[in-house]
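Observations on the three-dimensional arrangement
The residues making up each chain are set out below.
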Amino acid sequence: MTETSDGFDDYPTDLSRRRLLFGVGAAVAGATALGGTVLGPALVGEREARADPGVPGVPELLLPKFADALPIPPVLRPRGDLTVRMRVANVKLHAHLPPTPLWTYDGHFPGPTIEVQRGRRLRVAWTNELSGPLPIVAVEIPDTVPGRPPGVPPTNYPGRDGATPLAAVAGLTPWTAVHVHGAHSGGGQDGWAENGLSPGESQLSEYSNDQPATALWYHDHAMHISRFTLMSGLLGMYLIRDDEESALRLPRGKYEVPLVLCDRNLDLDAAGKPTGALLHKISIARTEPARIVVPFAGPYTLVNGVIWPYFEVEPRWYRFRVLNASNARVFRLVLVDENNVVVPGALKVIGSDGGLLGAPSTVDEPLILSSSERADILIDFGALAGRRLRLVNTRPGTAPGLPDPGNGIAEPDVLQFRVGRRGHDDFRLPAKLAPSFTRLTPADLPPDVTRRLVVLTPPGSPGDPEMWEMTEVDPAEVTIPGDGIVQLRGADGKLRTYRRMSAGYQDATMYTVPRDAWEEWSFLNLGGPPHPMHIHLVRFQAFRRELFDARGFDVRIRGTKTPLTFLSQPELEAHETGWKDVIRVASGQDGKAELVTVAGRFGHATGRYVYHCHLLEHEHAMMRPFVVTPPEVLALVSGLDEGHHHG
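Residues numbered from 1 in each chain as written. Predicted model: local features only at pLDDT ≥ 70, side-chain atom pairs only at ≥ 80, totals over all residues. Heavy atoms only, no water.

What to know about the sheet that holds strand β22 (residues 367–369)
The following threshold applies: Following DSSP output, two strands are said to pair if at least two bridges run between them. We count a stretch as a helix when DSSP gives it H or I for four or more residues in a row; a strand needs E for two or more, and each element gets its number in order from the N terminus. Angular values range over 0 to 180 degrees, each being the angle between N-to-C directions of two axes fitted as lines to C-alpha atoms, with helices fitted over their stretch in contact.
In space, the five strands of this open sheet follow the order β17-β25-β24-β19-β22, with mixed pairing throughout. Where the open sheet ends on each side, the last strands, each with one partner, are β17 (310–313) and β22. Here the average twist between neighbouring strands, direction ignored, is 25°. Where strand β19 (residues 331–336) and β22 come together, three bridges link them in antiparallel fashion.

Quick notes on the pairing of strand β25 (residues 413–419)
In the case of a regular strand, side chains alternate between the two sheet surfaces. Note the cut-off: Buried residues are those whose accessible area, probed at 1.4 Å on protein chains only, stays under 20% of the maximum for their type, while exposed residues exceed 50% and partly exposed ones sit between those limits.
Among the seven residues of β25, seven are classified as buried, and the element is accordingly described as predominantly covered. Here β17 pairs with β25 via four bridges, running parallel. The partner of V313 across the bridge, within β25, is V419. Relative to β25, strand β24 (residues 388–393) runs antiparallel, the two being bridged by five bridges.

Some details on the packing of aromatic side chains
The condition that has to hold: Working definition: a ring pair exists when centres of Phe, Tyr or Trp rings (six-membered ring for Trp) sit within 6.5 Å. Plane angles under 30 degrees give stacked, over 60 give edge-to-face, the rest tilted.
Inspection of the entire model under this criterion finds 25 aromatic pairs. Taken together, a centroid distance of 5.8 Å and an interplanar angle of 65° make the contact between Y105 and W126 edge-to-face. Of the two residues, Y105 is situated in strand β3 (residues 100–105) and W126 in strand β5 (residues 122–128); the sequence distance between them amounts to 21 residues. Relative accessible area serves as the criterion here: at 0%, Y105 is assigned to the buried category. Look at W126 and you get buried, because its relative accessible area is 0%. Taking the centre distance of 6.0 Å and the plane angle of 80° together, the rings of F311 and Y318 count as edge-to-face. The buried category is assigned to F311, whose relative accessible area is 11%. For Y318, a relative accessible area of 3% corresponds to the buried category.

Don't take any of this as a statement about function, it's just geometry.
As structure tokens, this is what we get:
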């Protein structure tokens, strides 16, 4: 897998390009700017290993690490219909903070974990009992702030940096729409983003749960404001169980633990102390010729609603259901020991967004999860009795466990594991996991499969990042170069020409899918941040990642002057070889673009759905509808969908 573009801030602006050049030097530059001395990487690691493990890498973060035990959200196992109430609650995010007002499900952040059995239908009344204004202060700041270290994003720090709160955000009142992310539910149950609830109203949804055992999650999906409502606390996990999973006798009960990861920022009082109030603080990379907002990245990492917690474990196997619930941050997770050395062989990936893999995979390299991706992992603490380990977030070119403030990692620690000295464990890692799992290849698709191309364009004139739906055309029928015309020369050497059909959310619906049909979708990122692309309703498998030379794309023309040519095919990561509902589409550096191809079957349900980028700061601008319809209905009509080609 390419290591060039998995960060939150890979924007094609001069400042961001400068940040991306920090590499290994980022941690050193950050340490120097914050009053440290310039040390080689080995000496920095040695210094960090001797340092107080509870002190953040950036002193301005103020809060000590590992002051709170990891909380476990309550579990709901409904036997009949379920009512979940959205209500305001005061929640302690850290032992040294006053309670934080949040919007929650049933008073918990994260909300209760809902656990159901495969095939057992569940009706939920999501009831809006919220009141008052949005419990978030939102500010926008320049990408450089006087008094802050040069080359280090000012969003690394708490506080408003003198910015005035945005009045439009302060005026938001409770308006919500609940989406069970990854559920194979009918369009009317999916939580359409514009079908919002006001206080006193309920969203009545039915979930068939007719899909393999997996970890889904539920969250608010209100149109235009989900970046604020999720940050306010409206999210929780949703587990489906089945017989295939039960037969494996994986760690259960207190040995199966959800890890809901997210990043946040905090407001400060007049004395410079954190108030506990959440701060949506983002920077503006530039205003001309187009306004470019850098997606949110906060300096505090929360696990299950607590900042930098610790978790006491026994020396045995544990199962962790990991969810990246951040607005935009990409986590690159590794398990390190007291000396910042990666613990080899301890972490096994056994499942992805859509369920179990065919076999476990050992992951010593970073486990990369973009916003809304999940990973089902096992960690064997059996040989680590008495140790104190840490799950840390890292970046390419920076030693694990060290800060990288130049790339937005003010503090790399996520969670501390305190391994006890006694424990009993009769679990044995099976060589095979899900017998039902089959790794798909393009040869498994029907010969008349519909193929679609979606182009993710870089920010620039005339507006924000856009998402174009394309159709293949005869090059003689269009003007080359031209606005919305993209040419690709693939690994097979064949030249293909595509024309843009739509871009904005309000454009006509171009994708109509017959129920039970297989489709192959390709996402091409021409520049900008990594986009985690989520398709509602369907689970899919990733076929391949491909890198293209993207220098032929001209942002001023909004099309290619010369064809984009195939360069290489990086490997997929272990969790990307399973069933997914989100796929990270990175953008390369140095004029490269990434194309990711996935395939899935649009079965189970019908209705109107959306697909979109799951960077919450992009979601409203990078969302498009599609419709799934019974094939016998489609047989009565024609000309509804020109955005596909076969073969």
